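Spelled out, the chains give:
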Amino acid sequence: MVSLTFPDGSVRDYDDGITGSELALSISKSLSKKALAISLDGELQDLADPIEKNGQVGIITRDNEEALELIRHDAAHVMAEAVQTLWPETQVTIGPVIEDGFFYDFAREEPFSLDDLEKIEAKMHEIIKKNEPFTKEYWSREKAIEHFKAKGENFKVELVDAIPEGEDLKMYKQGEWMDLCRGPHMVSTGQIGTGFKLLKLAGAYWRGDSNNPMLQRIYGTAWSSDKELKAYLHRLEEAEKRDHRRLGREMDLFHFQEEAPGSVFWHDKGWRLFQTLIAYMRRRQEENDYKEVNSPDMMDKGLWEKSGHWEKFGEHMFTTETPDERVYCCKPMNCPGHVQIFKNGLKSYRDLPYRVAEFGKVHRYEPSGALHGMMRVRHFTQDDAHVFCTEEQITEECVHLNEMILSIYKDFGFEDVIIKFSDRPEKRVGSDEVWDKSEAALKTAVEKAGMSYELNPGEGAFYGPKLEYVLRDAIGRDWQCGTVQVDLNLPGRLGAFFIGSDGDKAHPVMIHRAMFGSLERFCGILIEHYAGRFPLWLAPQQVAVCTIVSEAEPFAEKVMEKLKAAGLTATLDIRNEKINYKVREHSHAKVPVLFVIGKREAEEDTVSIRRLGSKDQEVVNIDEAIAALVKEATPPDMR
RNA sequence: GCCGCUGUAGCUCAGUGGUAGAGCGCACCAUUGGUAAUGGUGAGGCCGGGAGUUCAAUUCUCCCCAGCGGCACCA
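This text gives an overview of the structure that appears in the document. (Residues numbered from 1 in each chain as written. Chains lettered and ligands numbered in written order. Predicted model: local features only at pLDDT ≥ 70, side-chain atom pairs only at ≥ 80, totals over all residues. Heavy atoms only, no water.)

This paragraph deals with the environment of Glu 415. Locating Glu 415 in the fold gives a position in the loop between helix H13 (394-411) and strand S23 (417-422). The spacing of Glu 415 and Phe 516 is 101 residues in sequence and 15 Å in space, taken between C-alpha atoms. (Helix = DSSP H or I, 4+ residues; strand = E, 2+ residues; numbered from the N terminus.)

Written out as structure tokens, the structure is:
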């Protein structure tokens, strides 16, 4: 007997070996028709499989969240069948479910074209219409290898080889086509439905390793209904509208051009946003006892060799040779510079923790394919800081940093923050003992702060483990921004020490931290998060003063003076255009506040206020209006 | 860096083996209009760069550069 607990809490006993479909049928005929699979203790399993243990059971239908995984997985199989039907010389590899969809990687000499996607989609519809059942067979390793070898499916042979000895080897068949697969699958191809679409073509390395051959990946999305598919495609369009590259151009914030790939040309408005962020962070750092410094943009290559950067990242550094035949590196990080500042003048334990911060512009020769708007550039400004402290101080400093980071994100409207903990990578400096210590210290700090974290094994920096702060934006996308890294290596390598209370020399611990991370990138994230509609304190242009008739111009100019005196950024629009036109244009430019001034306002010392995104107007006395805006435009940390 | 796609006016995009077109924007003129496009006129292009094929290349071929979508990378 197996004892199964249903979602409503009821518990019922069944004969051993009852299958999912028998179970569904035992509940109701209609449910058994709708059933796609079952879940047992949260794990999906084929309807045809016997239930062999007690547990929480659920019948999965299209209405369940979990159904998407099945639909997408089945769609991937059907796509692979479609591709091999159309181009039999193609080898199949893997085709997993991903967020919002699926992909399948193929090996084929000739590249797929965008037109091919339509053909594949059409073929998929045919296969789905046939509604062939998915059936499962257990094969021996030898049989599978022989099968795939005979078909010339070399990648599949590799996959079979990689399956651990003793593990079941399952082949799923739909019609004539079959694939090695862990499962589970739905009952038949027809259950996929029509809510899918192939989206894009891409190259992808076999097994994610750049030493391996490149395969052709086809991405698709799949949903339980056409309506959901449509909604998803609509979401993609909306996301595109808030693309910072597009808004940057439309709002005249910055531009890029060929002569400086991966570098931002900041226009006045964008630069104002940038400066607003720096001013904010500068206040927060002063409040938290940081010393702001500035270190050289270029330093002798020798220093970078000592720090270990040259060995690990030399290929990605900009260098220059001067007429005196010295080689300098444009700094890709600020830390070695900060160590020099720490080293200048003998430090005592009384000077610790010694916190140095710099808005340093760093230069990294990023691979061409990695560049992406402001999210990945070759020259960017970090809100970088290094805390030199004793080992005993690590925990307290990290707990403090954690509080500061979360409070800062909150001021920008990011409340949803995830922490990732990355431990030692393969390529690293320093002994295992030092790494043990650093990792333990950082872990203790997160735990002391009462935060939970995800483990990111092997992803630490070469000199130390790190915490990564990932924030979720207005449309649910994750961005990794802040980082806290404990480093017991660099100070030693670069000869930094302090005199301890016992009078002996000791190397300090260095905590690297950035909160915005890259200012350029953070600006990009803010643009996308707010879709260009910045809160007043961040908006690079806060007010547009628009006249209706030329008679109102003298008053409008007076309003401008008052705005300027109040410290608000405003532009005056006295163009010979109708008010409709002006409202439309400034709304497109996402100016948060419009002051409309006609004859009436000029006579009464008022302005008609229209806020971005609203059709309402409010007529307010000019001084009161400005006072209210000044209050609203106060940065959150100064309220 | 790798795979694929793209590069025509400030922007969005048509187009052709015989050196180019639209809409918006811009300039000028008229219009003084009350909250998301007033009308008219006009200027604006080495068709990403280089080589080749051709009588002739923006168009075809090759190389390079940049951008886009991924992969890999990300101190």
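Moving on from the model shown.
Next up on the list: the protein's contact with RNA strand B. Neighbouring RNA strand B are 56 residues, the closest being Met 333, Ile 548, Asn 576, Ser 608 and Arg 610. Protein-proximal atoms of RNA strand B, defined as those within 4 Å of the protein, fall in sugar or phosphate at a share of 49%. Lys 200 is positioned such that a nitrogen or oxygen atom in its side chain is 3.3 Å from a phosphate oxygen of RNA strand B. Within the side chain of Tyr 463, an N or O atom sits 3.4 Å from a sugar or linking oxygen of RNA strand B. Only strand S12 (196-205), strand S13 (214-222), helix H8 (244-250), helix H11 (309-313), helix H18 (579-588), helix H19 (599-604) and strand S33 (606-611) provide two or more residues apiece to the surface near RNA strand B. For the surface near RNA strand B, the class distribution of residues is 22 nonpolar, 18 polar and 16 charged. (Near = heavy atom within 4 Å. Polar contact = N/O pair within 3.5 Å; in protein donor to acceptor, adjacent residues only side chain to side chain. Nonpolar A, V, L, I, M, F, W, Y, C, P; charged D, E, K, R; others polar.)

Two elements in contact, helix H17 (residues 553-565) and helix H20 (residues 622-632), have axes separated by 11 Å at closest approach and are oriented at 35 degrees. The way H17 lies across H20 gives a crossing that is right-handed. Within the contact between the two elements, H17 uses Phe 555, Val 559, Lys 562 and Leu 563 and H20 uses Ile 622, Asp 623 and Ile 626. When grouped by side-chain class, the residues that make up the contact of H17 with H20 number five nonpolar, no polar and two charged. (Axes fitted to C-alpha atoms, helices over the stretch in contact; angles between N-to-C directions. Left-handed = near helix turned anticlockwise from the far one by under 90°. Contact = heavy atoms within 4.5 Å.)

Pairing is mixed across the open sheet formed by three strands, whose spatial order is S20-S27-S28. Unpaired on one side and paired on the other, strand S20 (347-348) and strand S28 (505-506) mark the two borders of the sheet. Alignment of S20 against strand S27 (residues 498-499), held across two bridges, turns out to be parallel. Of the residues in S27, the one forming a bridge with Lys 347 is Phe 498. (Pairing = 2+ DSSP bridges.)

Glancing now at a negative patch on the surface. A cluster of acidic residues, Glu 65, Glu 66, Glu 69 and Glu 228, forms a negative patch at the surface. Positionally, Glu 69 belongs in helix H3 (residues 67-86). (Patch = residues over 30% accessible without salt bridge, like charges linked within 9 Å, V, L, I, M, F, W, Y side chains within 5 Å. Areas by Shrake-Rupley, 256 points an atom, 1.4 Å probe, with all protein chains shown as cover. Salt bridge = Lys/Arg side-chain N within 4 Å of Asp/Glu carboxyl O. Lys, Arg positive; Asp, Glu negative; His and termini not counted. Charge placed at Lys NZ, Arg CZ, Asp CG, Glu CD.)

Once that is clear, we can look at the pairing of strand S29 (residues 509-518). Among the ten residues that make up S29, ten are buried, leaving the element largely enclosed by the rest of the structure. By the bridge criterion, seven bridges tie strand S22 (residues 379-389) to S29 in an arrangement that is antiparallel. By the bridge assignment for S29, Asp 384 is matched with Ala 514. Looking at chain direction, strand S26 (residues 478-487) and S29 are connected through five bridges and run antiparallel. Along S29, the bridge assignment pairs Asp 487 with Met 510. (Buried < 20%, exposed > 50% of the residue type's maximum accessible area, 1.4 Å probe, protein only.)

Before going further, it helps to examine helix H16 (residues 519-530). In a regular helix each residue adds 1.5 Å, so twelve residues correspond to 16 Å; H16 covers 16 Å between its end C-alpha atoms and thus fits that length. A large share of H16 lies buried, amounting to twelve of its twelve residues. Those residues of H16 that sit buried are Leu 519, Glu 520, Arg 521, Phe 522, Cys 523, Gly 524, Ile 525, Leu 526, Ile 527, Glu 528, His 529 and Tyr 530. Here H16 starts with a cap whose side-chain oxygen sits 3.3 Å from the backbone nitrogen of Glu 520, and that cap is Ser 518. (Expected span 1.5 Å × (residues − 1).)

Pairing within the open sheet is mixed, and its five strands lie in the order S2-S1-S5-S3-S4. The sheet is open, and its two borders are formed by strand S2 (11-14) and strand S4 (43-45), each paired with just one other strand. Along the sheet, successive strands turn relative to each other by an average axial angle of 35 degrees, direction set aside. Of the strand pairs in this sheet, strand S1 (residues 2-5) and strand S5 (residues 55-60) are connected by two bridges, and their pairing is parallel. Looking at S5, one finds that Leu 4 is bridged to Gly 55. Across the sheet, helix H1 (residues 20-27) touches S1, S2, strand S3 (37-40) and S5, and the angle it forms with S5 is around 80 degrees.

On to the packing of aromatic side chains. By the definition in use, this model includes 27 aromatic pairs. A centroid spacing of 5.7 Å and a plane angle of 90 degrees characterise the contact between Phe 318 and Tyr 365, whose relative ring orientation is edge-to-face. Separated by 47 residues along the polypeptide, Phe 318 in the loop between H11 and strand S18 (319-321) and Tyr 365 in the loop between strand S21 (354-363) and S22 bring together distant segments of the chain. Residue classification places Phe 318 among the partly exposed residues on the basis of a relative accessible area of 23%. (Phe/Tyr/Trp six-rings, centres within 6.5 Å; stacked < 30°, edge-to-face > 60°.)

Attention now goes to unusual backbone geometry. Negative phi characterises most residues that are not glycine, and trans characterises most peptide bonds. Here the residue pair Gly 183 and Pro 184 is connected by a cis peptide bond, since its omega of -5 degrees sits within 30 degrees of zero. Examined against the element boundaries, Pro 184 turns out to sit in the loop between strand S11 (177-180) and S12. Despite not being glycine, Asp 252 shows a phi value in the positive range, around 60 degrees. Following the sequence through the fold, Asp 252 ends up in the loop between H8 and strand S14 (254-255). Residue class for Asp 252 comes out partly exposed when judged on its relative accessible area of 36%. In the Ramachandran plot, Asp 605 falls in the positive-phi region, its phi being about 60 degrees despite a non-glycine side chain.

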